[in-house]
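# Results of the structural survey
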Amino acid sequence: MFIIDAHLDLAMNAMEWNRDYRTPIDVIRAREQGMTDKPDRGNSVVCFPELRKGNIGLVVATQIARYVAPDNSLPGWHSPEQAWAQTQAQLAWYKAMEEAGELVQITDLASLDKHVAWWNDGTPNDKKPIGYILSLEGADSLVTVQHLERAHAYGLRAVGPGHYGPGRYAQGTNATGGIGNAGRALLAEMERLNIILDATHLCDDSFWEAMDHFHGRVWASHNNTRALVDHNRQFSDEQLRELIRRGAVIGGVMDTWMMVPEWIRNVSTPLSMDCGLEKLIDHMDHICQIAGNADHIAIGSDLDGAFGREQSPYDIETIADLQKLPALLAKRGYSQADIEKILHGNWLRFLRHAWK
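Chains are numbered independently. Their residues run from 1 in the order of the written sequence. In keeping with the model being predicted, local features are shown solely for residues with a pLDDT of at least 70 and side-chain atom pairs are shown and tallied solely at 80 or more, while totals for entire chains, interfaces and linings include all residues. Side-chain measures here rest on the full set of heavy atoms in the structure, leaving out hydrogens and waters.

## A look at the overall build of the chain
Secondary structure assignment for the chain yields twelve helices and nine strands. A compact globule built from 356 residues would reach a C-alpha radius of gyration of about 21 Å, and the chain, at 19 Å, matches this within 12%. C-alpha atoms of the chain, sized along the principal axes, occupy 45 × 45 × 45 Å. The buried label applies to any residue whose accessible area, calculated with a 1.4 Å probe on protein chains only, is under 20% of its type's maximum; exposed applies above 50%, and partly exposed to all values in between. For the chain, with 356 residues in total, the buried portion stands at 60%. For the chain, long-range pairs separated by at least 24 residues make up 72% of all intrachain contacts whose partners lie at least 6 apart in sequence. Surface exposure here means Shrake-Rupley accessible area, sampled with a 1.4 Å probe, where a residue is shielded only by the protein chains that are shown. Summed over all atoms, the accessible surface of the chain reaches about 13700 Å², with 50% contributed by carbon and sulfur. Separation between the mean location of the 34 positive side-chain charges and that of the 47 negative ones in the chain comes to 3 Å. To qualify as a helix, a DSSP run of H or I must reach at least 4 residues; to qualify as a strand, a run of E must reach at least 2; elements of each kind are numbered from the N terminus. Each radius of gyration reported is based on C-alpha atoms, and the globular scaling rule is 2.2 Å times the count of residues to the power 0.38. Any two residues having at least one pair of non-hydrogen atoms within 4.5 Å are treated as being in contact. A positive count includes Lys and Arg, and a negative count includes Asp and Glu. His and the chain ends are not counted in either. Lysine's charge is taken at NZ, arginine's at CZ, aspartate's at CG and glutamate's at CD.

Below is the structure:
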């Protein structure tokens with residue numbers, strides 16, 4: 001079945017993890033044996049061959065670069081200009097992959113429909129370019145609000161104003177506080193340019209202020225539910241109801257600490273916590289019960305998002321194993337029509353409404 005994954009940090013992995021995603025997954029893992037600079041070395045699950053093997057023909061791919069003030073201990077760049085330059089290096093990698101025939105950028109309804117039709121025309125997809133929609137995870141790198149128009153011109157179509165900690169335009173995971181004047185100005189410009197607001201990572205204060213001031217299209221690219229895993233990174237039922245009211249789609253994230261409670265980093269393992277893809281469906285079920293339908297759930301895996309097999313569902317050897325989801329969903333009572341919505345249909349409906 002054709003799959004859309006609404007959150008992959010492809011350029012971050014290429015530029016900061018130095019992974020050549022054109023090569024087989026075994027080659028990527030082998031080159032990282034003995035490396036300790038990143039927590040997931042040797043455990044990568046994403047590469048272009050595995051995306052094609054899994055019929056994952058369209059992804060939302062990120063640019064990401066955090067600005068950190070002198071009192072911020074998170075990793076990041078020491079000026080917004082440096083962060084902007086990092087996102088431009090990531091953009092250059094996406095463009096290089098387009099030139100190499102590995103990727104094709106999707107920016108509007110015409111390119112979306114053309115690409116989806118091509119990937120579903122019955123011919124082998126092992127040589128087809130993977131479609132990508134460009135998203136900015138954390139807006140710190142926008143030196144000014146005016147930089148957003150420049151980014152839109154090169155294809156940016158979604159923005160998450162915050163990431164982890166305090167940000168220049170919103171407060172993110174583990175932080176508190178609203179979006180303030182800078183965030184409001186950013187949202188106004190996003191609305192003018194018809195850029196999608198990604199509510200993922202917004203802390204509660206910033207989430208509600210953003211909902212009050214943004215009147216465009218909203219999605220949550222990679223989020224699970226606070227009712228099942230009680231952490232501010234997850235959405236409360238009240239937040240889920242607001243997103244559903246606004247027609248949002250919520251992509252289920254596959255970082256195991258967000259799938260099962262009481263995960264202990266560097267101690268827990270997917271097997272010891274019995275964390276497989278069934279746990280993701282528990283979160284999806286919860287959202288469906290709130291919505292009364294399956295119209296607001298989908299996939300936003302975040303696989304290779306600074307974690308690998310050591311912190312992915314135990315039944316994920318590579319991203320191609322997303323193809324296990326249809327059978328698991330059917331076992332849980334989802335109809336074929338609803339499974340198609342979850343795998344690709346809900347994202348397609350959302351994008352067609354947003355870009356019409």
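## Quick notes on the layout of surface pockets
The gaps left among the atoms become clear once a water-sized probe is rolled over them. In the cavity and pocket records, a cavity denotes points on a 1 Å grid over the protein atoms alone where a 1.4 Å probe fits but cannot get out, a pocket denotes an open set with protein on both sides within 12 Å along at least 5 of 7 lines, and lining residues are residues with an atom within 4 Å of a point. Grid points are joined across faces, edges and corners, and a volume is the space filled by probe spheres set on the points. Roughly 1000 Å³ of volume is contained in the largest pocket. Lining the largest pocket are 44 residues, and of these Trp 17, Pro 75, His 163, Gly 305 and Ala 306 lie nearest its centre. Per-class residue counts for the lining of the largest pocket are 19 nonpolar, 13 polar and twelve charged. If you go around the second largest pocket, you meet 13 residues; those closest to its centre are Trp 17, Asn 18, Arg 19, Asp 20 and Arg 31. Three classes are used: nonpolar for Ala, Val, Leu, Ile, Met, Phe, Trp, Tyr, Cys and Pro, charged for Asp, Glu, Lys and Arg, and polar for all others, with Gly counted as polar. Partitioning the lining of the second largest pocket into residue classes produces six nonpolar, two polar and five charged.

## Here we look at the state of the cysteines
Two cysteine sulfur atoms form a disulfide, by the criterion used here, when they sit within 2.5 Å. Applying the stated criterion across every chain, the model contains zero disulfides. Sulfur of Cys 275: no disulfide; nearest cysteine sulfur belongs to Cys 288 and is 19 Å away.

## As for empty space enclosed by the protein
Summed over the entire model, instances satisfying the criterion amount to three cavities of 30 Å³ or more. Taken as a whole, the largest cavity encloses approximately 60 Å³ of empty space. Lining the largest cavity, in full, are His 7, Thr 62, Ser 135, Leu 136, Glu 137, Gly 160, Gly 162, Asp 198, Thr 200, His 201, Ser 221 and His 222.

## A word on the pairing of strand S1 (residues 3-8)
Extensive coverage of S1 is indicated by the burial of six of its six residues. Here the rule is simple: two strands pair whenever DSSP picks up at least two bridges between them. Bridge count for S1 against strand S2 (residues 56-63) is four bridges, and the pairing is parallel. Paired with Ile 3 across the strands is Ile 56, a residue of S2.

## Looking at the packing of helix H9 (residues 237-245) against helix H10 (residues 277-291)
Helix-helix packing is characterised by the crossing angle of the two axes and by the distance between the axes. Interaxial distance between H9 and H10 falls to 10 Å at its minimum, and their mutual angle equals 65°. When you trace H9 past H10, the crossing you get is right-handed. Residue-level contacts link Asp 237, Leu 240, Arg 241 and Ile 244 of H9 to His 286, Ile 287, Ile 290 and Ala 291 of H10. Considering only residue class, the contact of H9 with H10 consists of five nonpolar, one polar and two charged. Interaxial angle, 0 to 180 degrees, is taken between N-to-C directions of lines fitted to C-alpha atoms, where a helix line uses only the stretch in contact. Left-handed describes a crossing whose near helix is turned anticlockwise from the far helix through less than a right angle; right-handed describes the clockwise counterpart.

## Re the packing of aromatic side chains
Pairing of aromatic rings covers Phe, Tyr and Trp, the last through its six-membered ring, and needs centres within 6.5 Å; plane angles under 30 degrees mean stacked, over 60 mean edge-to-face, and all others mean tilted. Under the definition given, this model contains nine aromatic pairs. With 5.2 Å between their ring centres and 75° between their planes, Trp 219 and Trp 347 make a pair best called edge-to-face. One end of the pair, Trp 219, is in strand S7 (residues 218-219); the other, Trp 347, is in helix H12 (residues 336-355), with 128 residues separating them in the sequence. In this structure, Trp 219 and Trp 347 share a single accessibility class: buried. The structure contains a cluster of three or more aromatic residues connected by ring pairs, namely Tyr 21, Phe 48, Trp 93, Tyr 94 and Tyr 132.

## Overview of the nonpolar core
Working definition of a nonpolar core: buried Ala, Val, Leu, Ile, Met, Phe, Trp, Tyr and Cys residues. They are joined through side-chain atoms within 4.5 Å. The biggest cluster of nonpolar side chains holds 108 residues, and the ones touching the most others in it are Leu 10, Trp 93 and Tyr 334. The element best represented in this core is H12, accounting for nine residues. Beyond its immediate chain neighbours, meaning those up to four positions away, Leu 10 contacts Tyr 21, Val 46, Phe 48, Val 59, Ala 61, Trp 93 and Tyr 94.

## Re H10
Compared with an ideal rise of 1.5 Å per residue, which puts 15 residues at 21 Å, H10 spans 21 Å between its outermost C-alpha atoms and is within 8% of the ideal. Along H10, the positions that sit buried rather than exposed are Leu 277, Leu 280, Ile 281, His 283, Met 284, His 286, Ile 287 and Cys 288. On its buried face, H10 is in contact with H9, strand S8 (250-252), strand S9 (297-299), helix H11 (325-331) and H12. Within two residues after H10, Gly 292 carries a phi angle of roughly 80°, on the positive side. Expected helix span is given by 1.5 Å per residue-to-residue step, counting one fewer step than there are residues.

Read these as geometric descriptors, not functional statements.
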